[in-house]
Each structure stands twice: as structure tokens, then as C-alpha cells.
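Chain residues, written in single-letter form:
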Amino acid sequence: MQAFLKTGKLSVTDKPSTSGTKTTKKKPPAPWVEKYRPKTIDDIVDQGEVVQVLRECLSGGDLPHLLFYGPPGTGKTSAILAAARQLFGDITRDRVLELNASDERGIQVIRDKVKSFAQLTVSNTRPDGRPCPPYKLVILDEADSMTTAAQAALRRTMERETRTTRFCLICNYVSRIIPPITSRCSKFRFKPLAKENVIKRLQEVCVAEGVDVGDGEVLHQAVHTCDGDLRRALTALQCCQRLLGKVTADGLIEVTGLVPEKLVDEYLKVKNYNELEQFVAKFLMDAYSASQLLEQLSATVVNAGHLTNKQKCDISEKVAVCSHRLLDGGSEFMQLTDLGCTIIMANNNP
Amino acid sequence: MSLWVDKHRPKDLMKLDFHKDQALRLKNLVQQSDFPHLLVYGPSGAGKKTRIMCLLRELYGSGAERLRQETMHFTTPSNKKIEIMTVSSNYHIEVNPTDVGIHDRVVIMDLVKNVAQTHQIDSSGQREFKVVILNEVDDLTKDAQHALRRTMEKYVATCRLILIANSISRVIPAIRSRCLTIRVPAPTENEIATVLHTVCKKEGLSLPSELAMRIAKCADRNLRRALLMCEACKVQKYPFTSDQKVPEPDWQQFIREIASMILTEQSPKKLGEVRQKLYELIIHGIPPDMIFSGLLCELVRNCDMSMKCQVANHAAEYEHRMRLGNKPIFHLEAFVAKFMAIYKKFVEESLGDAF
Ligand SMILES: Nc1ncnc2c1ncn2[C@@H]1O[C@H](COP(=O)(O)OP(=O)(O)O)[C@@H](O)[C@H]1O
Ligand SMILES: [Mg+2]
């Protein structure tokens, strides 16, 4: 390991800020997700309410403590990073502390690191004399993975240092944050992005990257596979393009780990135990994911024309049970077999 | 002398024996400048690792094959010292974070940060990033998986992750949406047979096709197992004959015996005997979930559909409980007892019907 670490030397071209000037060298490769991360808050798609508030802060208004919550890939991290950059410009480094789930954020860190950062006093002018906001910003990304004890410690710091520090907490589920904190923050829910907006954004990226998407039909597939999660859609597009050299509907399904609809139908139509055993063995050997199958199955079952309400009911109930067990780490083979039996019984007794 | 599995492991993407189109795509991927994080998944023995080592060679040249083993030390926030084995070259490092149990998060974070911060090999012709390979990511704690999320974005300029899993069912969606997921299906029986032929040819042996096919059938689409079996066959008897015995893993035989014990008699006494046998399996390191699925397969053979359904239901339920608890034997035994009860009732009823 030591040797492994030593071989690298810190090269001078490290700073991303200089990469723009060195046009001869190719830019450090960036995944599209990073490359097209919104640079300013005006680039944020949807999420009008947050953008509105942030815009007011940029034009001199006061920034409240913020709590962003919502599903992945809806722009939470991007929004605050863009706002921070616009607020502080070149002094972002001194004024912003970003901590995420990968950083140590136990109670000790909150007490020491965050507190001492929060206590630093800051002026309302930059080193070069231009004005800037008279506060610092602490971003706690992925805050739902902080312990309650750490959150409690955070709450005290928040209370005490309001004059000089603003906090922005980001999480998927607001219920994981203790009420004393949520009540001190302006809460913003990030909704899954609207279909047409995702398509528009994807189109822009495709044009910029020179990806041929034909009549755009595959973009619908991309949106369909990603459920309003733009990160997922962008990653899928890029992977597809890089791996296959083109973007196709089947390709998108493969790179996102979806189960082909054909298999979902086959599973839903099994007639006897033998068939089921074979299906499950093959399904798992081909490395498809059981939890993904269940997810797609539950959507298919609800809309399936050939099933009676009772059948739908029986199957859906079992899907719920099995998916819960899978989440706890239950074996895929067992759960698929169990659910399969229920499907067989339902199919035989309409 | 190394085993055939290691000796004849392909080193070049283009020399991989199956999923050739995927190999070609990976080769193209390497040529692009924006190499993404990868999540490679498939059943064991499907050749995930071989594929990844080939990929590394494609990325960095043969330097990636000069491996060394080292022990690394980490300190948890609670000041506990932990150590972990790593395998690395100048360009990559590989660990099994699950070796340190619940402390996996610390290992991953320290490792990725170290790698990302010590920065890349000089950019003259080389890659700007190094690779961290994490094994068994589906068994990482949720804590560790969550910690990976932003890390993957933050250090992407200097560090790429290659995550390996048996299945993506237990990989959180947030990680999946940050990776190029590469599915590696197990090779088919025909593909396995072909590989067996190739390897035997390299060894200067002649392998009858029937034997190759029989080995392939026994191996459960696991190439590693097939090669080990084939080598074992060679030790047992050479020249090969098409009808020679293929040594099966004895635990499968063992499970079959347990199943027939259960089917012959359903009583507390028998249950006690079965327990001894189950203990033996566990002591020999057979994963309890494999025992469970093995038992289910054997036991339902003679049941009618509604009973199959009941048995599968209970198996799934008890196996799930086993995951939550920490003594597998309890749950295996509970399942056996349950099965005995259902089966006994079934037999008695059908006997009653007969008279
Ligand atoms: N509302 C949005 N507007 C523009 N881009 C977005 C938006 N939401 C997500 N993205 C894209 O998805 C990527 C991930 O977004 P991010 O803000 O990190 O999501 P999260 O909500 O999970 O923090 C960004 O790099 C960006 O390219
Ligand atoms: Mg985020």
C-alpha cells in the first residue's frame, strides 16, 4: 500500500481552475453527471420554490437555515453547491464547510470541527474590498445518516452561532432528522423532476456531447427507467453511449440493471412448480436482480388486464412481504420461489 | 504448481472465453477518456474477477499484474485498531471491506481518501486516476454504502471504484445510479464445456466430450467449480473415460441424505439426528442459506402443489428470520420441524383417504 501511495506525485495541473487555460492537455475526464452539474442556481431544473428563495439571498436577502429533502438525483446537492459558489465566489473555500456521510460526523466532530468553524468570525467584505455575505455556510449532505446524538449536538451549535453561520442539511427522508432541527430550518421538498424537463435536459446534454438519439424516442425510455432521477438518467445515457457506441432502448435497460419486460411476464405466467424452479435458477444465474424484478412486477400486476382483482390482491400482498424480506437480506432464491408459488396458486384459482 | 483455475486464467480481454461481445465493449470503454465507476455483478464463478483484471491490464498495461499483498492498519473513531489485507499494484488496490465487519465504513473512507489525495501517476501517457476495487459490496453495511455516495462524486477526478457483487438486490439505488452496472451472467453448460476442452488441450490432455458435458452439468454453471472438478477427475483417473465418476461436492450429497432422513420418519427423535447433521454442515463452513435452498429443493419433490406452496412459504419465512438472528441452526431446525409436521399430516390424511 505504501508503495502504491508513493508512486503518485502531486502534479501541478491538479487544480481544476487551471485546466481551462491548458487547452493542449485533455481535460480530466468527468462523468456527465459532474460535467453538467448546474453551475448557477438558474441552471436548476424544476424546484421553482427553492430557486426563488436562493435567488433572493443572492440579491442580498438573508439566508435562513435550510433543510433540503427529497429523492436522489433531484438537484439537492447541486442547488446548494451552486448557491454557495455564487454567494462566496473565490472565497468559497474559507466560508463553506461541506461534510457528507463519508466524513466522520460523530458527536465529537460536531462538537469540535463544526463548532470551531462556526465560531470563526467573518467580515462582510472580501480581501479585495468587495462586499460579501457576513456569514459562513455549513453544508451537511446526506444528513439522514447522522446519529441522533450528533444531531442533538448540532442543534446546540446551530442555536448559538446563528449570527455568523448558516446551516444547510440535505437528506432523503425528513423524518430522519430530529424535530428541534427541522423546526429551525426552512424546509424544501425536492420533487422528482417532471418528465418533459428531464427530456429537455437530456436533449441538451446529448447535443453537447454529440450523441445521436434519432427522433428522441429512446429518451422517453431513459426517462421511463429513471423515475425522475436525473442522475440515473444521465449515467445511463453516458454508459450506454460509451459501452455500445450508441443509445438504444435495450441498451438503457441493460446498463441500468432493469429486468427485461419479457422475463417479468414469464414470471407472472408460470404454471407449475417445475417451470418455476427452472425460471428462478436461470434468472439468478443470469444475474438479474430479484428486488428489481419485484419492483417491476408490482407495477405490472396492478395494470395487468388478465388478472382478477383477487389475484392482483394476493400477488401484491406477497410482493410486499417478499420485498421486505429481501431488503433484510433474505436469499433471492427463497423469496422468488415463495412469491412464485403464490403466483401459481393465484393463476390456478382465478 | 498452481491449480488450473489460476494457471489458465485469461489475461487479455480479447482472450476471454465467453461473453465476448461484452469484453469487446469493455475494451472500447477503456479507450474513452471518461471511464466511469463500475459495478460488476454476477453469481460466483462467472468470471467477474478475471474480467476485471483483464480490464486493469487494458487500462494500465502489464504493470497492473505485479501484485503485492500488504496489511493495512486503520483506527476507528472509537480508537479501535483494525487491520485488513490488501492486494495492490502501482495502479490499483483491492480489499474485502467485509473482513472487518461493522467497521467497513472506516476502511472504505480512509482508503478512498488516501488514494484520491495522493493523486495520480504523472499524466504523461498514463491514466489520471487510480482504481480501488471493493469486493462483496452487497454485504457492506448500509452505513458504508451510504458513505460511498458522495465520495464517489467527490473524488471522481482521481479515483475510480470498481465494485464487485453477487447480486445488486442489496446494493442501494443511490450507488447503482452512480455506476456503470455490468452484468456478468454465469456461463452456460456449453460454454463451460468449451473452456474445459481448451484448458485440457493446453495441459496436453484429451478430454472426451461426454465427460466435459457431464462435468459442466454438475458444476451448476460455476466455471471455477467445473475446472476444479475437472482437475480432480484427472487426478483420479487418466486417461479420461467418458463414464468415469465426476466427484461432486460432498455437501450436496449430504443435504440429499438429510432430506431423505426427514422424509422417511417424522419424529422428535429423527429431528435430533437431523440436527447433528445440520451442525456438521455448518461446522464445515457451508453457508446456511445454501443449506436452506438445498433442503427446500429436495423436500418438495414429492409434495403436491398446495403443499409445495406451504413449504416454500415457510422456508422463505424462516430463512428471513435467520438473517435477522445470529444462530442459523435454530432456524434450520425450526424449518425442518415445521416441514415434518406438515408432511406427517399430509401422509396421514392421504392414508386415511385410501381406506
Ligand atoms: N433539478 C436539477 N436541475 C439540473 N440538473 C439536475 C437537477 N437534479 C439533478 N440534476 C443532475 O443530476 C446530478 C445529481 O444531482 P444532485 O444535486 O447531486 O442530486 P441529489 O439531490 O441526490 O443531491 C447533477 O450533477 C445534475 O447533473
Ligand atoms: Mg446529493
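Computed from a prediction, not measured in an experiment: that's the story for all the values here.

**Here we look at the site of ligand 1**
Residues and elements named next belong to chain A.
- Around ligand 1 sit 18 residues in total, of which Val33, Val45, Lys76, Thr77 and Ser78 are the nearest.
- Between ligand 1 and the protein, one listed contact pairs an oxygen atom with a backbone N or O atom of Thr74 at 3.3 Å.
- Within the side chain of Arg231, a nitrogen or oxygen atom sits 2.9 Å from an oxygen atom of ligand 1.
- If ligand 1 stood free it would expose 560 Å²; the protein chains cover 98% of that surface.
- Where the shell around ligand 1 is concerned, the elements lending two or more residues are α5 (76–88) and α12 (230–244).
- Residues that form the shell around ligand 1 fall into these classes: 9 nonpolar, 5 polar and 4 charged.

**Digging into the interface of chain A and chain B**
- Taken residue by residue, the interface counts 76 residues in chain A and 79 residues in chain B.
- Buried area between chain A and chain B, both sides added, is near 6600 Å², and the carbon and sulfur share of it is 56%.
- In this assembly, chain A and chain B are joined by 7 salt bridges.
- For the salt bridge of Glu142 of chain A with Arg149 of chain B, the shortest nitrogen-to-oxygen distance reads 3.8 Å.
- Linking chain A to chain B there are 23 residue pairs in polar contact (both at pLDDT 80 or more).

**Description of helix α5 (residues 142–154) of chain B**
- The largest bend in α5 of chain B amounts to roughly 25° and is located at Leu148 of chain B.
- Regarding α5 of chain B, the residues found buried are Ala144, Gln145, Ala147, Leu148, Arg149, Arg150, Thr151, Met152 and Glu153 of chain B.

**A word on the pattern of salt bridges**
- Here the structure, examined in full by the defined rule, presents 42 salt bridges over all chains.
- Linking Glu153 of chain B and Arg231 of chain A is a salt bridge whose minimum nitrogen-to-oxygen distance equals 2.8 Å. Here the residue Glu153 of chain B occupies a position in helix α5, and Arg231 of chain A occupies one in helix α12, the pair thus bridging two chains.
- Glu153 of chain B sits in the buried class, given a relative accessible area of 7%.
- Put simply, Glu257 of chain B and Lys277 of chain B hold a salt bridge, and the shortest N to O gap is 3.6 Å. Taken together, the positions of Glu257 of chain B in helix α10 (residues 250–264) and Lys277 of chain B in helix α11 (residues 268–283) put the pair 20 residues apart, joining distant regions of the chain.
- Exposure remark for Glu257 of chain B: the relative accessible area of 33% places this residue in the partly exposed category.
- For Lys277 of chain B, a relative accessible area of 21% puts it in the partly exposed group.

**Quick notes on the packing of α10 of chain B against helix α12 (residues 288–299) of chain B**
All names here are of chain B.
- At a minimum axis distance of 9 Å, the contact between α10 and α12 shows a crossing angle of 50°. Looking at the two axes, α10 sits oblique to α12. The chirality of how α10 crosses α12 is right-handed. Where α10 abuts α12, its residues Trp251, Ile255, Arg256, Ile258, Ala259, Ile262 and Leu263 lie against Met290, Ile291, Gly294, Leu295, Glu298 and Leu299.

**Overview of the sheet that holds strand β4 (residues 165–171) of chain A**
All names here are of chain A.
- Taken together, 5 strands build an open sheet; the order of strands is β2-β3-β4-β1-β5 and the sheet is parallel. Each edge of the open sheet carries a strand with a single partner, namely β2 (96–99) and β5 (186–189). Across the sheet, the axes of successive neighbouring strands diverge by a mean angle of 15°, strand direction being ignored.
- Sheet analysis places strand β1 (residues 66–69) next to β4, joined by 4 bridges and oriented parallel. Directly across from Leu66, in β4, lies its bridge partner Cys168.

**Thoughts on α5 of chain A**
Residue and element names in this part refer to chain A.
- Helix length check: α5 (13 residues) gives 19 Å between terminal C-alpha atoms against 18 Å at 1.5 Å per residue, within 8%.
- Burial analysis of α5 places 11 of its 13 residues in the buried class, the great majority of the element.
- Three or more residues of α5 are buried, namely Lys76, Thr77, Ser78, Ala79, Ile80, Leu81, Ala82, Ala83, Ala84, Leu87 and Phe88.
- Count one or two residues on from α5 and you reach Gly89, which has phi positive near 55°.

**Focus on the domain arrangement of chain B**
- Splitting chain B by domain gives domain 1 (4–183), domain 2 (189–236) and domain 3 (250–354).
- Between domain 1 of chain B and domain 3 of chain B, the C-alpha centre-to-centre distance is 39 Å.

**Some thoughts on the sheet that holds strand β2 (residues 68–75) of chain B**
Residue and element names in this part refer to chain B.
- On the basis of which strands lie adjacent, the open sheet formed by 7 strands has the order β2-β3-β4-β5-β6-β1-β7 and mixed pairing. Strands with a single pairing partner mark the edges of an open sheet, and in this sheet they are β2 and β7 (180–183). The sheet shows a mean angle of 25° between the axes of neighbouring strands, direction not considered.
- In this structure, strand β3 (residues 81–88) lies alongside strand β4 (residues 92–95), joined through 3 bridges in antiparallel fashion. Bridging from a neighbouring strand, Val87 pairs with Glu94 of β4.

**Focus: the packing of aromatic side chains**
- Under the definition given, this model contains 12 aromatic pairs over all chains.
- Taking the centre distance of 4.9 Å and the plane angle of 50° together, the rings of Phe68 of chain A and Phe190 of chain A count as tilted. One end of the pair, Phe68 of chain A, is in strand β1; the other, Phe190 of chain A, is in the loop between β5 and α10 (195–209), and 122 residues separate them in sequence.
- Among the residues examined, Phe68 of chain A registers a relative accessible area of 0% and is labelled buried.
- Between Phe279 of chain A and Phe283 of chain A, the ring centres sit 5.6 Å apart and the planes meet at 25°, which makes this aromatic pair stacked. Taken as a pair, Phe279 of chain A and Phe283 of chain A lie in helix α15 (residues 273–285) at a separation of 4 residues, close to a single helical turn.
- You can call Phe283 of chain A buried: its relative accessible area is 3%.
- Site record: aromatic cluster; members linked through ring pairs are Tyr267, Phe279, Phe283 and Tyr288 of chain A.
- Taking the ring centre of Tyr135 of chain A as reference, the NZ or CZ of Arg166 of chain A above it sits at 4.6 Å.
- The ring of Phe129 of chain B has Arg160 of chain B sitting right over it, with the charged end atom 4.4 Å from the ring centre.

How each quantity is defined
Residues numbered from 1 in each chain as written. Chains lettered and ligands numbered in written order. Predicted model: local features only at pLDDT ≥ 70, side-chain atom pairs only at ≥ 80, totals over all residues. Heavy atoms only, no water. Near = heavy atom within 4 Å. Polar contact = N/O pair within 3.5 Å; in protein donor to acceptor, adjacent residues only side chain to side chain. Areas by Shrake-Rupley, 256 points an atom, 1.4 Å probe, with all protein chains shown as cover. Helix = DSSP H or I, 4+ residues; strand = E, 2+ residues; numbered from the N terminus. Nonpolar A, V, L, I, M, F, W, Y, C, P; charged D, E, K, R; others polar. Contact = heavy atoms within 4.5 Å. Buried area = accessible area lost by both parts, 1.4 Å probe. Salt bridge = Lys/Arg side-chain N within 4 Å of Asp/Glu carboxyl O. Bend = angle between axes of the 7 residues up to and from the residue. Buried < 20%, exposed > 50% of the residue type's maximum accessible area, 1.4 Å probe, protein only. Axes fitted to C-alpha atoms, helices over the stretch in contact; angles between N-to-C directions. Parallel < 35°, antiparallel > 145°, perpendicular 65-115°, else oblique. Left-handed = near helix turned anticlockwise from the far one by under 90°. Pairing = 2+ DSSP bridges. Expected span 1.5 Å × (residues − 1). Domains from an automatic or database assignment. Phe/Tyr/Trp six-rings, centres within 6.5 Å; stacked < 30°, edge-to-face > 60°. Lys NZ or Arg CZ within 6 Å of the ring centre and 35° of its normal.

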